[in-house]
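Observations on chain architecture
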Amino acid sequence: MSLGPLAFLNPLLLAGLLALPLIWWLLRAVPPRPRQIAFPPTRILADLENREKTPSKTPWWLMLIRMLAAALLILALAEPLLNPTQDQGLKGSGPVVIVVDNGWASAGQWAQRRDMIDRLITEAEGASRPIVIAPTASLARNVRFKIESPSDARSTAAALEPLPFAPDRMAAVKAIAATLSGRSGAAVLWLSDGVAHTERASAFADALVRLGNGGEVSIMDVGAGSEALAVRGRLGPGGKLVGDVLRAGGAPRAGTLQAVSAKGQNLGLIPFSFAAGERATSVTFDLPLELRNQVTRVEIVGERAAGAVSLLDARSQWHRVGVISGASREQAQPLLSPTYYIEKALAPFAELVTPGSANVAQDIDQVLKRRASIIMLADIGRLSDRLSNRLRAWVDKGGILLRFAGPRLEKGGDGLLPVGLRLGGRSLGGALSWSVPQPLAKFGDGSPFAGLEAPVEVKINRQVLADPVQLVEQVSIWARLKDGTPLVTARQIGEGQVVLFHITANTDWSNLPLSGLFVDMLRRITALGQLGTAGTGGGGLDTKGQNAADGDRVLPPLQVLSGFGVLRNPPPTAEALSTASFLKAKPSASHPPGYYGAVGRPRALNVIGPKAEVKPLPDLPSSIAQRAYKDAETVPLKPTMLAIALALLLADALAILLLQGGARLFGGVRRSSAAAVVIAAALGTLVGAFGQVSTDGHAPNALVSISLAPATAQAQDNAGRPDASPNAALDRRLLAATDKVTFAYVITGDAGTDQISEQGLNGLIRNLQRRTAVEPGPPARINIETDQIGLYPIIYWPVLATAKPLSDPVLAKIDAYMKQGGMIIFDTRDYGRGLPSGFNLGGTTRTPLQRMLGKLDIPRLEPVPETHVLTKSFYLLRDFPGRWSGGRLWVEVSARNAGVRRARRADGVSSILVTSNDFAAAWAMDDRGRSLYPTVPGGERQREMAFRTGINIVMYALTGNYKADQVHIPALLERLGQ
């Protein structure tokens, strides 16, 4: 039932209001209990009252309090809802289907989306309707959904997170149809990201209407100014770095693009803006070449989404290329010049250095002084020993030397070729030739040219031949003719590469330079070089002379983007890509965006491809209702009314005490003012409760305590108490810590994290009491800067991503605590993303934990060995999961490891444990013993192992190396044998 902005989920219970007159009559007829006065004869005369003044009926103000309390209890049982928007009630009687777009476009407003899911679940729970949570993007190959209760749906919704690829809405709608088979009257609510993604968005909307089958079908679209933003980094004219910012349309908007290096350094900031309805805008970073080539990602500042990040690899770098020709100036006609087609092909993609003098030695010296990463020699036969040695030393440091054949090489080459040549050339198609002109064969997966299409019209008329005897394993063949003859060969020398085109760079021997394939081939080779421009000294080449990114047959995933645009280790569902299919690959569950290939020279796969667009949703059917994320939410008033009713009942009890002479208990409050005091307290409670609802839209979580005693009297009482000193509270805490074994957690300043820590330790303590002889007291919350920590054997410390370095006094306190036998469990809660391989607090990679404890004197750490006491202190364990599984648990390095400083351990106990698995969330339980957070991916089995991990840690901290003693091994072996 709905009355304007107020609705009742159980309106029949409002009939209880009819009983209020009866309640009023009963209360009016029953006066307060008579006062009982002790008999002392000397006082009875002073305290005796005239019976004519004893009320025979309940006072009106006390009657008012009781009637209000009864009315509020009845209204609370009717479950009222404060719902300012009338059209938000769920229609239909079937399941409530919450379709959630959780692709890359949803990450920017994910918190708003979570709040909306929670509000919808609350509405469905109030209507006692089951729920289907249906994300449109999934890592699973076969998408399946299930009908759940509201409590289970909350757990399912809590496990949702944005994924770094476009959603597959049609697969989701098919799974929803299978789930709702045979059911009608469903309410379908689509939490859209406002992006079409594919051309089938209209078909998806029509399918949702059919799924409703008589129920409500609504769409929650993003509001103005909250549209998803995407970015694409690319090369612009002159090698400038250009960032294209895309969106699906909307109101005017502005932001900032940032260019970031591999070390996380900000190399450039530039603002961008959209006009109303504008869907694309571009900005250009004006950076020097050396800085330009250090940029590894372009991202939108403040937009935490995979689409707001564009990863760059070597293909996007602007290289400095030296081009030198051996032709004389008389023969160097513009269209016949050996370097003409090279310069035309590379001009849009590289900075060319073309000395152009007749002295090859001077030209090479000039190019090397300009720190070119690639040198191309066109029709230069033999090099002098001095030039050859100098170029070989340059190649050995990572340079790429590309040579083109010509008449001079037909007479034999020098030692700076990938393969020895046969004297004379091979002519094709003439009267005395071997065969007809040959086309190119398909490029193999082991070639940098893999994936390029060779046009059928490209023909080779003449070439220099490689000596078959010298085609050894170290020589790589990147391109062949149709008959198998090598056309492009390469060989690795040191960290660099020597490449030979067995044809000329002009049209004398083939028409390849006239084709677009020639441009693509030179661009692929240019991407191999990075000496002097990329800021490193290696060319990223493997032992077979192949590029590490392009030469492998497959490109395995190295690091992938999360839905929030953070690079992390690839999930188990990520698959490798072949070099031939990489150019056409689109981000998906199998191929998430990120870096693929070898570690030295990976290739980048981005959410927004070179030709991708961000299109808005098409016009939707008129039967789909429109909702907005920013509508005022439904507020359940039941908790508020119950709290107010409880306050009124407490006020009633207080009034009874006052009427029975209890004023002496309240520091001299006169009986005559009892009514005023009680009414003031009740009104204060009412105003506070309703004021809290009206100002922030939420029910109050707790009643405000009311003190009726004057402040002066309270101060006097405190001053007279022996424990009223400023250190009294501290003394009580220290006494409680010594009364029982007490574990502590460090307060971080984040309310949600601190609550999880407290709930987690409470859950662990409950299991310790049930399974072991340890009887810990309630966990203590400590401020690491001000509180004493020496009395707590174990301190749990969650590390925030925004953790700041600790001051020197705090570090000294922590150091003393660990030296005296205390243990600190640092939980980074990042599933291993914040710990580099070979974790060391003194390393160069600055994770939040390293940033916080960088100056602390801690020995090296290692993952828990198989024979460590932690694996057998109570349960026999092999791994140590928490809410997440897969992250390692780090302890101090054992003294047995040679060459490692002896671990500072008390009785064999490591003073520091570091995990990333979020122990507290796995241990967290409510007052009824129910788990609060899902454990991923192992479910309840993983939660059990998490509790066993916590118990082992506690027993390890309390018993030391007891289980490591050799005397107990026979007993353990006997137990295992049983």
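Please read these numbers as outputs of a predicted model, since none were measured by experiment.

What counts and how
Residues numbered from 1 in each chain as written. Predicted model: local features only at pLDDT ≥ 70, side-chain atom pairs only at ≥ 80, totals over all residues. Heavy atoms only, no water. Helix = DSSP H or I, 4+ residues; strand = E, 2+ residues; numbered from the N terminus. Buried < 20%, exposed > 50% of the residue type's maximum accessible area, 1.4 Å probe, protein only. Contact = heavy atoms within 4.5 Å. Areas by Shrake-Rupley, 256 points an atom, 1.4 Å probe, with all protein chains shown as cover. Pairing = 2+ DSSP bridges. Axes fitted to C-alpha atoms, helices over the stretch in contact; angles between N-to-C directions. Polar contact = N/O pair within 3.5 Å; in protein donor to acceptor, adjacent residues only side chain to side chain. pLDDT = per-residue confidence, 0-100. Expected span 1.5 Å × (residues − 1). Arc of directions from axis to C-beta. Phe/Tyr/Trp six-rings, centres within 6.5 Å; stacked < 30°, edge-to-face > 60°. Lys NZ or Arg CZ within 6 Å of the ring centre and 35° of its normal. Parallel < 35°, antiparallel > 145°, perpendicular 65-115°, else oblique. Left-handed = near helix turned anticlockwise from the far one by under 90°. Nonpolar A, V, L, I, M, F, W, Y, C, P; charged D, E, K, R; others polar.

Moving on to the overall build of the protein. When helices and strands are counted, the protein shows 23 helices and 40 strands. Residue burial in the protein is summarised as follows: out of 978 residues, 49% are buried. Summarising the internal contacts of the protein: among those between residues at least 6 apart in sequence, 74% fall at separations of at least 24. Accessible surface for the protein amounts to roughly 46,400 Å². Of this, 54% is attributable to carbon and sulfur atoms.

This part takes up the sheet that holds strand E17 (residues 374-378). Pairing in this open sheet of seven strands is mixed, and the strands run E16-E15-E17-E18-E23-E22-E21 from one edge to the other. Because the sheet does not close on itself, it has two edges, and the strands there are strand E16 (350-353) and strand E21 (475-480). The sheet shows a mean angle of 20 degrees between the axes of neighbouring strands, direction not considered. Note: strand E15 (residues 319-325) against E17, five bridges, orientation parallel. Looking across to E17, one finds that Gly322 is bridged to Ile375.

This brings us to the pairing of strand E40 (residues 912-915). Residues Ile912 and Val914 line one face of E40 and the alternating positions Leu913 and Thr915 line the opposite face, and both faces are buried. Here strand E35 (residues 823-827) runs beside E40; their pairing, made up of four bridges, is parallel. In the strand pairing of E40, Asp827 is matched with Thr915.

The next subject is the sheet that holds strand E14 (residues 309-311). Pairing in this open sheet of four strands is antiparallel, and the strands run E11-E10-E13-E14 from one edge to the other. Each of the sheet's edge strands pairs with one partner strand only, and the pair in question is strand E11 (266-274) and E14. Averaged over all neighbouring strand pairs, the angle between strand axes comes to 20 degrees, with direction disregarded. Both strand E10 (residues 253-261) and E11 contribute to a ladder of eight bridges, which runs antiparallel. Each bridged residue has a counterpart across the sheet, and for Gly255 the counterpart in E11 is Phe272.

Pairing between E21 and strand E22 (residues 486-493): five bridges, direction antiparallel. Residue pairing in the sheet places Val475 in a bridge with Arg491 of E22. From the end of E21 to the start of E22, which pair antiparallel, there are five residues, and Gly484 there has a positive phi angle of about 95 degrees.

Further remarks concern the environment of Thr935. Among the structural elements, Thr935 can be located in the loop between helix H21 (919-923) and helix H22 (939-959). Sequence separation between Thr935 and Ala946 is 11 residues; the distance between their C-alpha atoms is 9.3 Å. For Thr935, the side chain forms a polar contact with the main-chain oxygen of Gly939, separated by 2.4 Å.

The share of residues in the protein with pLDDT of 70 or more is 76%, and the mean pLDDT across the chain is 78. Segment residues 663-672 is flagged for pLDDT under 50; beyond a separation of four residues in sequence, or across chains, it makes 16 contacts in the model. Of the regions scoring below 50 in pLDDT, residues 834-844 engages in 23 contacts with residues more than four places distant in sequence or in other chains.

The next subject is helix H4 (residues 110-126). Taking 1.5 Å of rise per residue, the 17 residues of H4 would be expected to cover 24 Å, and the 24 Å separating its terminal C-alpha atoms lies within 8% of that figure. For H4, the set of buried residues is Trp110, Gln112, Arg113, Met116, Ile117, Arg119, Leu120, Ile121, Glu123 and Ala124. Contact partners of the buried residues in H4: strand E4 (96-100), strand E5 (131-135), helix H5 (150-158), strand E6 (187-191), strand E7 (217-221) and strand E30 (625-628). Phi turns positive one or two residues past the end of H4, at Ser128, with a value near 55 degrees.

Here we come to helix H19 (residues 808-819). If you check H19, its first and last C-alpha atoms are 16 Å apart, about what 12 residues at 1.5 Å a residue would give, namely 16 Å. Along H19, the residues classified as buried are Val810, Leu811, Ile814, Asp815, Tyr817 and Met818. Relative to the axis of H19, the buried residues are bounded by an arc of 160 degrees and lie together on one face. Exposed and facing more than 90 degrees away from the buried side of H19 are Asp808 and Pro809.

Below, the discussion takes up the packing of aromatic side chains. If you walk through the whole model with that rule in mind, you get 13 aromatic pairs. Ring plane angle 75 degrees and centroid distance 4.9 Å describe the contact between Trp190 and Phe204, whose orientation is recorded as edge-to-face. Within this pair, whereas Trp190 is found in strand E6, its partner Phe204 is found in helix H7 (residues 201-212), the two being separated by 14 residues in sequence. Between Tyr340 and Tyr341, the aromatic rings sit 5.1 Å apart at their centres with planes inclined by 90 degrees, giving edge-to-face as the arrangement. Owing to a relative accessible area of 13%, Tyr341 belongs among the buried residues under this scheme. An aromatic cluster of three or more residues is present, and its members are Phe404, Phe501 and Phe518. Above the plane of the ring of Phe564 lies Arg304, whose end atom (NZ or CZ) is 4.6 Å from the centre.

Moving on, we get to the environment of Ala920. Among the structural elements, Ala920 can be located in helix H21. Placed 93 residues apart in sequence, Ala920 and Asp827 show a C-alpha to C-alpha distance of 8.6 Å. Not counting residues up to four positions away in its chain, the partners in contact with Ala920 are Ile756, Ser757, Gly760, Tyr796 and Asp827.

Looking at the secondary structure, you find Arg297 in strand E13 (residues 295-300). Note on Arg297: relative accessible area 14%, which makes it buried. A C-alpha to C-alpha distance of 8.6 Å links Arg297 and Asp313, two positions 16 residues apart in sequence. A polar atom in the side chain of Arg297 sits 3.0 Å from the side chain of Glu299.

This part covers the packing of helix H6 (residues 169-179) against H7. At a closest axis distance of 10 Å, the pairing of H6 and H7 adopts a crossing angle of 15 degrees. For the element pair H6 / H7, the angle class is roughly parallel. As H6 packs across H7, the resulting crossing turns out to be left-handed. Along its contact with H6, which presents Arg169, Met170, Val173, Ile176 and Ala177, the element H7 presents Ala201, Ala203, Phe204, Ala207, Leu208 and Leu211. Per-class residue counts for the contact of H6 with H7 are 10 nonpolar, no polar and one charged.

Here Thr526 lies in helix H12 (residues 516-526). In this structure Thr526 comes out as buried when scored by relative accessible area, which is 4%. Among the polar contacts listed, one links the side chain of Thr526 to the backbone oxygen of Leu522, at a separation of 2.7 Å. When neighbours within four sequence positions are excluded, Thr526 is seen to be in contact with His319, Val321, Leu346, Ala350, Ile374 and Met376.

Where helix H10 (residues 360-369) meets helix H11 (residues 385-396), the closest approach of the two axes is 11 Å, and the angle between their N-to-C directions is 20 degrees. The angle between the axes of H10 and H11 places the two elements in the roughly parallel class. Viewed along their axes, H10 and H11 form a crossing whose handedness is left-handed. Contacts between H10 and H11 involve Ala361, Ile364, Asp365 and Leu368 from the first element and Arg386, Leu387, Arg390, Leu391 and Trp394 from the second. Split by residue class, the contact of H10 with H11 holds six nonpolar, no polar and three charged.

A word on unusual backbone geometry. Note the cis peptide between Val936 and Pro937, where omega equals 0 degrees. Among the structural elements, Pro937 can be located in the loop between H21 and H22. One non-glycine residue, Arg371, lies in the positive phi region at around 60 degrees. Along the chain, Arg371 falls in the loop between H10 and E17. Arg371 gets classed as exposed once you look at its relative accessible area, which sits at 52%. A positive phi angle is found at Asp379, which is not glycine, with a value near 55 degrees. In this fold, Asp379 is placed in the loop between E17 and H11. In this structure Asp379 comes out as buried when scored by relative accessible area, which is 12%.

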